[in-house]
Amino acid sequence: MESLIQNNPGRFRFRRLTRAETRQLLTGLAFISPWIIGFVVFTFYPVISAFRYSLTRYDLIRPPVWVGFKNYIDLITIDPNFPKVVYNTFYWVLFSVPIGVIAAFLMASLLNTEIKGRSFFRAVFFFPSIIPAVVVAMVWQFLLNAQFGVFNAALQGMGLPTIPFIANPDLAKPSLILINTWAQGSAIIIFLAALQDVPRSLYEAAIVDGASAWNRFWNVTVPLTTPAIMFVLTTGFIFGFQVFTIPWLMTQGGPNNATEFIAVFLYRNAFVNLRMGKASALAWMLFVVVVIFAVSLFKSSRYWVHYSSDE
Amino acid sequence: MKSLSRSMSRRDFLRTTGLLTGGALLAACAPAAAPSAAPAASEGAAASAPAAAEQITLQYWVNWGGGYGIATWDALKASSKWSEMMGDIQIEVLPSAGDEKILTSVAAGTPPDGASNVQYLDFMARGALVSIDDWIASSDIISEDKYLAGSWKDGGFEGKMYGIPANEGFLRYALNYNGKHVADAGLDPDSPPKTWDELMDWHLALTEFDAAGNLIKIGLDPYDAMGGNLAIQDGFYPAVSWGFEWFNADAGTFDLDNEMMVAAFETMGAYYKQIGPDNMAGMRQVEGQGSWGGSYNSEVQSVMIDGYWRPGGTAINKPEVSEHHRTSWAPVPSHRKDVNPQGTGGHYVIIYNESKYKEEMFRVGEFLNTNEAMDIIFENSGWLPGQIDYLATVDSNRYPGLKFYFDSLDTATEWSSPARCPITSFARSQFNELRENQYRDTMTAAEAAAEFQSRCTAEYAAAGFA
Amino acid sequence: MTTQVSRSVSPKRSVQKSTPSFRQRFGDWAITFLKYGALIVLALSFLLPLYWMVTSAVKNDPQTYSIPPVWIPIPFFPENFVNAWTSYNFNLFAFNSIFRYALPVTVGATLSSALAAYGFSRVRWPGRDVVFYLCIATMMIPPQVTLVPLFIIFKDLGWVNSYKPLVIPAYFGAPYFIFLLRQFFRTIPDELSEAARIDGANELVIFWQIMLPLIRSALVVVALFTFINVWNEYLQPLIYLNRLELYPLALGIENMRRTIFQVGGTRLAYPYLMSVSTIIVVPILILFFFAQRTFIEGISVTGIKG
């Protein structure tokens, strides 16, 4: 099907659409029309505003003052916390997302097998993700505590030294990753739904062909669930970069800025330090990074994601 | 294969659109139709009119929790003084509003009618507030001579008054300790330490670890409550204790890179290093053992530097701890051993330029300064205003430990009040970060002080105040 | 180039069942043992925080702060549930959460996202994928910076201090769910749409009568997730609601937590917080049990199975 825009390098030529193509275009636009309206009203303006703020010094009380790209330049060159914040965020994303996705996939696979009490186990694995962040913070603070927490009580019972999970700067991020992996319920559900869609007949054919369990897993299950994996991975990265609520509530970015991620740092700058301009600049830098990540993922998806439809 | 209709039947079409619009209508209409409709304050109505026809409901947002916002205000609203002064004006007090909410509303031009326990000076210095001098001039209840000098002064900025002193405004600094813990540790509760060195001896005796090396009880956390706070209503204790002016409002300069600030970091940080920063952080991460009295009331902390409200707060929440509550002078460095430091501070009701019902809110401020209201507040939360006459009527023996603060009015030798710094909120977040760097040994005290100075100076200039 | 996994497989042949050898039987048994072992260990560790939450709810203060921790509180205090729930107007908060917030948002988000996902996946139109990337891109801006400009928009519309800013935008598609549903739509082979089109059905009919039922499991997932997210959301309501009576549950808990944290050493602070927390996850559990059956028990998504 010829595309509307001819791919001549440097030259775009439009040709008129056929009646069928026009109808397709209008149909497509009609379906996404609610989204378009919402985008224009609720997203476009705020996002552009955020960019505008990033070029100003804005304390939310007085009108914004133009400073050009100073916020961006200062962040990169002289801000004492920026390097740490960036390191924290990349650390988080590069560890928590893959670990979370793999763990969720394995658990979903486990749940997809013939087991007694399947409903019960599914509920158990899903529960953590329905608990509000406020509660998660309170419960885990207690659990991980050196004095009152059960983990450390168990360690002490075995004669081992206690571990100051979230009170220690070096252990704080791994502890949060642990909590994050515990709360992968939604990813498990998505994978479960996708696993359910793999036709049984394929497994049977594979068995007939003499494939082992691992073979079936790797050559039937995984390829057919790649759309779901793609989704969970992409959204995992997107939201991983924006991690905010749990570190804000549990550790307040500490100890010693160990959990000061970009969104946490941004929030502090916006509403505590009265530097909304700087916060907006941080947000836009984050945006660019996430876009690059997402585009790379999408481009790579061509090589490993299998869709059934070509549409 | 199932045959499909060629076009969507009218019924189907109606069903689909009906569902979507129904949902949207549900969303749009349901909240409005509900009994609690949006209050008058949020509609773009005309300016407040004193006419009896319009029901006025004031919006008062505070960063205090439900203890004040709900419990105390239920009593305040029900008092006869309220109806006498305010008629049928209603007020909605929103507790724990949060700075993000207040700042967002201010940025959008829809602030509440009044606010308290916010970053007062940050608003004053940026011209967001209504100056109340005219109303004060014609008020019978609010006038300068009625208040402690420090409490009054802090409600103003560059010669104009912006905040009605209200809710709370008495003295800020004393060493608060649990006499029983002290006695049990073999120390004499009647001879409290005066200097930081003496206090360290107490701290070492009072801090307890278990056999496995876990922290069981904190002796002193010097950065807890008033010791480590940096706020416009509370001041900055290191500067008080070491006796230097950390910010000069007239010159607009900071003096943080000096040997006193370095000594403060080192001295106060030493307590953290002795306990172990991880231990201290871990202790605080448990609900109910937080700072500002949580751990003190839970008896996992023996000593804290806090304001006059501590005796009342502890008595109301934990009478069994209050029994042993003792107070004395907040610590000073050895070379200033004879200094008895005390400070004023306090809270205000501030009114924004874009608040809807400004005069009515001022009247609420006046209401909060009547004896009836002050009684209710003292009963419910143990807070006292900076009003001299009222303070004279208070039974200072009401709560164990309270008397010391009253006595210090006469016996203090050095008085302080919070520095008028327009970037207080920023300075505070930097102080929190830098002191942690110091006691976790990622920075020396000298570096921390220098960094503190440079960051504040840079921010002050960049924020357009230089 | 996507590789088509062939779906039209050879007709089912009955698998020859030979008597399993001892080795095979042992292997099967070992796998089963490992499987259940892993499941139980995982389940226990997943349940631990929940167990802690529920037992903490019925403790008193000495039990809460005891070293070593109290696993089974005896005596326990179930009255904590009632006392904590009534200490604030949680019934009203629950009503707000369900009827003013979660339900309207769930209905809106699911439907509008499905519509948009369909348009992005099953209709071919020029520029479609670019616009889709734009849609995804909107997820990549941290919401903290759009908080203020968005608030200004809603203030100008006069929607502040109501649920409108929280609910109405849900009727215009949520990128996360558009993305998810698009992925599921794309697993449906073209042939199905083509056949329907040849039959003369218009796109809306195909959407409503064929495609939506086919991804029913994904729709239930979307509805469930939306409900849960809304149930647990507290920052947006904090910004837009000015009256305690309007507060949803999650914000009610946050308010309670801030209050308790302020006062310091309130009696039964932690048990009360845990009591309320336990109560508010219960409806979600119920919802999950109902939803579970729909999207998990062998619903076929594609119209063609071997």
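Refer to the preceding data block for the structure.
Scope of this entry: the structure provided in the associated data block. Just so it is clear, the structure is predicted and the values come from calculations on it, not from any experiment. (Residues numbered from 1 in each chain as written. Chains lettered and ligands numbered in written order. Predicted model: local features only at pLDDT ≥ 70, side-chain atom pairs only at ≥ 80, totals over all residues.)

## Quick look at the overall build of chain A
Per the secondary structure count, chain A includes 14 helices and two strands. Taken along its principal axes, the extent of the C-alpha atoms in chain A is 70 × 65 × 30 Å. Counting only residues that meet the buried cut, chain A has 49% of its 311 residues in that class. A separation threshold of at least 6 residues defines the contact pool for chain A, and within that pool the share at least 24 residues apart is 65%. (Helix = DSSP H or I, 4+ residues; strand = E, 2+ residues; numbered from the N terminus. Buried ≥ 20, exposed ≤ 12 C-beta atoms within 10 Å, placed from the backbone. Contact = placed C-beta atoms within 7 Å.)

## Regarding unusual backbone geometry
Cis geometry is found at the peptide bond from A:Gly254 to A:Pro255, where omega equals -10°. Topologically, A:Pro255 is positioned in the loop between helix H12 (245-251) and helix H13 (262-271). With an omega dihedral of 5°, the bond running from C:Ile74 to C:Pro75 counts as a cis peptide bond. Considering the arrangement of structural elements, one finds C:Pro75 in the loop between helix H2 (61-64) and helix H3 (79-87). Positive phi values are uncommon outside glycine, yet B:Asn167 reaches one of about 75°. Within the element layout of this structure, B:Asn167 appears in the loop between strand S6 (163-165) and strand S7 (174-178).

## Details of the interface of chain A and chain C
Contacts between the two partners involve 92 residues from chain A and, on the opposite side, 93 residues from chain C. Considering each element in turn, the side of chain A that touches chain C owes the most residues, 18 residues, to helix H1 (residues 19-54) of chain A. In the side of chain A that touches chain C, the residues fall into 68 nonpolar, 19 polar and five charged. (Nonpolar A, V, L, I, M, F, W, Y, C, P; charged D, E, K, R; others polar.)

## Description of the interface of chain B and chain A
Chain B puts 29 residues into the contact, and the matching count from chain A is 27 residues. At the level of elements, helix H4 (99-108), helix H5 (120-124), helix H12 (277-284) and helix H20 (424-439) of chain B are the ones that each hand at least two residues to the side of chain B that touches chain A. With six residues, the single largest contributor to the side of chain B that touches chain A is H20(B). Looking at the side of chain B that touches chain A, its residues break down into 12 nonpolar, eight polar and nine charged.

## Concerning the pairing of strand S9 (residues 215-220) of chain B
Residues and elements named next belong to chain B. For strand S8 (residues 208-209) and S9, the ladder comprises two bridges, and the chain directions are antiparallel. For Glu-208, the partnering residue across the bridge sits in S9 and is Lys-217. Two successive antiparallel strands, S8 and S9, enclose a turn made up of five residues, where Gly-213 displays a positive phi of approximately 90°. Both S9 and strand S14 (residues 301-306) contribute to a ladder of two bridges, which runs parallel. Along S14, the bridge assignment pairs Ile-218 with Gln-301. (Pairing = 2+ DSSP bridges.)

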